[in-house]
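Descriptive analysis of the structure
Here is how the chains run, residue by residue.
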Amino acid sequence: MTIQAQATEAAIPGKPTAASRTTLSHIMTAADTNLLGTVHGGVIMKLVDDAAGAVAGRHSGGPAVTASMDEMAFLSPVRVGDLVHVHAQCNWTGRTSMEIGVRVMAERWNESTPAQQVGSAYLVFAAVDADGKSRSVPPVLPDSERNARRFQEAQIRRTHRLARRRAIRELREQQPDE
Ligand SMILES: CC(C)(COP(=O)(O)OP(=O)(O)OC[C@H]1O[C@@H](n2cnc3c(N)ncnc32)[C@H](O)[C@@H]1OP(=O)(O)O)[C@@H](O)C(=O)NCCC(=O)NCCS
């Protein structure tokens, strides 16, 4: 479905991308390291989930749960003393779900060198009500050409996610475990 069609069809007024965009920043310490002495991937993933969750909550105006996280890429190691910035925004909305795109940047906490991208991820959040049941979300209104492109790319990922899930489900139904 196109962005315009979604916005027209939705009963809830849309919200621009900028309305829920969020940045979460954190200085990495020795408590965040793995056995190699660099920052544990799980620490970064927690920050990614936290930042994306804040965007999903802000965009949907209520509770939202992580349904999936994919294409988590770690581009460079993160070190103790790095100031990590996790930028998150709503790329796409369906009826009850949202794709949140996340970019992870790192810079030395006490130097004025530019931040480098160290990771990225896409998460799907489902908006839920007090009983944990799915609820409708406002359509996201991409507010730039870049965000319109991100919407289209997210739609492609969505199509692939659903197709993969369906194909695996069908295969399992044909070949049930003994
Ligand atoms: C996510 C959850 C609410 C989906 O429940 P469900 O019964 O499958 O609900 P639905 O089929 O109505 O799906 C709701 C929306 O989420 C999407 N969705 C569900 N599972 C998905 C997945 N694995 N990947 C991508 N999207 C997914 C659906 O496509 C639908 O989106 P749409 O309405 O925009 O088309 C449910 O599986 C859940 O509560 N999971 C646990 C969440 C959680 O605890 N997260 C924290 C992990 S520690």
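This structure is a prediction, so every number in the text was calculated from the model and none was measured. (Residues numbered from 1 in each chain as written. Predicted model: local features only at pLDDT ≥ 70, side-chain atom pairs only at ≥ 80, totals over all residues.)

1. A short note on unusual backbone geometry
Just so we agree on the cut-off: Labels follow the DSSP assignment, with helices taken as runs of H or I lasting at least four residues and strands as runs of E lasting at least two, numbered in each case from the N terminus. Residue burial is a threshold on neighbouring C-beta atoms within 10 Å of the residue's own C-beta, all placed from the backbone, with 20 or more meaning buried, 12 or fewer meaning exposed, and counts in between meaning partly exposed.
Backbone geometry at Glu 71 places phi at a positive 55°, although glycine is not the residue there. By secondary structure assignment, the location of Glu 71 is in strand β3 (residues 64-74). Residue classification places Glu 71 among the exposed positions, given that 11 C-beta atoms sit within 10 Å.

2. So, helix α3 (residues 145-174)
For clarity, the cut-off: Under the convention used throughout, the expected extent of a helix is 1.5 Å for every residue step, that is, one less than its residue count.
The end-to-end C-alpha separation of α3 is 44 Å, in line with the 44 Å expected for 30 residues at 1.5 Å each. Those residues of α3 that sit buried are Asn 147, Arg 150, Phe 151 and Ala 154.

3. Structural notes on the nonpolar core
To be explicit about the condition: Each nonpolar core reported here comprises buried Ala, Val, Leu, Ile, Met, Phe, Trp, Tyr and Cys residues connected via C-beta atoms within 7 Å. By the convention adopted here, residues are in contact when the distance between their C-beta atoms, placed from the backbone, does not exceed 7 Å.
The biggest cluster of nonpolar side chains holds 34 residues, and the ones touching the most others in it are Val 48, Ala 52, Ile 100, Val 102 and Phe 125. Ranked by the residues each element gives to this core, the list is headed by strand β6 (residues 116-127), at eight residues. The residues touching Val 48, leaving out its near neighbours within four places in the chain, are Val 86, Val 102, Val 104 and Ala 121.

4. Observations regarding helix α2 (residues 41-60)
Residue pairs three or four apart in sequence face the same way in an α-helix, which turns once every 3.6 residues. The first and last C-alpha atoms of α2 sit 28 Å apart over 20 residues, in line with the 28 Å expected at 1.5 Å per residue. Those residues of α2 that fall on the buried side of the exposure criterion are Ile 44, Leu 47, Val 48, Ala 51, Ala 52, Gly 53, Val 55, Ala 56, His 59 and Ser 60. Just past α2, the residue Gly 61 takes up positive phi, approximately 70°.

5. What to know about the pairing of strand β5 (residues 97-108)
Stated precisely, the cut-off is as follows: Note on pairing: DSSP must find at least two bridges between two strands before they are called paired.
Across eleven bridges, strand β4 (residues 82-93) lies against β5 in antiparallel orientation. By the bridge assignment, Leu 83 is partnered in β5 with Glu 107. Connecting β4 to the next strand, β5, in antiparallel fashion are three residues. One ladder, built from ten bridges, connects β5 with β6; its direction is antiparallel. Among the inter-strand pairings, Met 105 is bridged to a residue of β6, identified as Gln 117.

6. Here's the deal with the site of the ligand
Counted only if it meets this: Each residue receives a C-beta atom placed from its backbone. It is near a molecule or strand if this atom lies within 6 Å of it. Gly counts as polar in this scheme, as do all residues outside two lists: the nonpolar Ala, Val, Leu, Ile, Met, Phe, Trp, Tyr, Cys and Pro, and the charged Asp, Glu, Lys and Arg.
Close contacts around the ligand come from 14 residues, with Ala 67, Gly 94, Arg 95, Thr 96 and Ser 97 the closest. Mapped onto the shell around the ligand, the elements with two or more residues apiece are β3 and β6. If one sorts the elements of the shell around the ligand by residue count, β3 sits on top with four residues. For the shell around the ligand, the per-class residue count stands at five nonpolar, seven polar and two charged.

7. Comments concerning the sheet that holds β5
Think of a sheet as strands paired side by side through backbone hydrogen bonds, with each pair either parallel or antiparallel. What counts is decided by this rule: Axis angles are defined between N-to-C directions and span 0 to 180 degrees, where every axis is a line fitted to C-alpha atoms and, for a helix, only to the segment in contact.
Within the open sheet, the five strands sit side by side as β2-β4-β5-β6-β3. Their pairing is antiparallel. With one partner strand each, in any of the chains shown, β2 (22-27) and β3 form the two edges of the open sheet. Each strand axis lies, on average, 20° off the axis of its neighbour in the sheet, ignoring direction. Relative to β6, β3 runs antiparallel, the two sharing eight bridges.

8. Here we look at the environment of Pro 114
Of note, Pro 114 is situated in the loop between β5 and β6. Sequence spacing of Pro 114 and Val 84 is 30 residues, and the spatial spacing of their C-alpha atoms is 12 Å.

9. Comments concerning the UniProt feature "domain: HotDog ACOT-type" (unreviewed entry) in the protein chain
Let me state the cut-off plainly: UniProt positions are given in the numbering used here, feature names are shortened, and annotations may be inferred rather than shown by experiment.
UniProt records the feature "domain: HotDog ACOT-type" (unreviewed entry) at residues 18-131, using the numbering of this structure. In this annotation, residues 18-131 is assigned 18% helix and 46% strand; the end-to-end C-alpha distance for the span is 29 Å.

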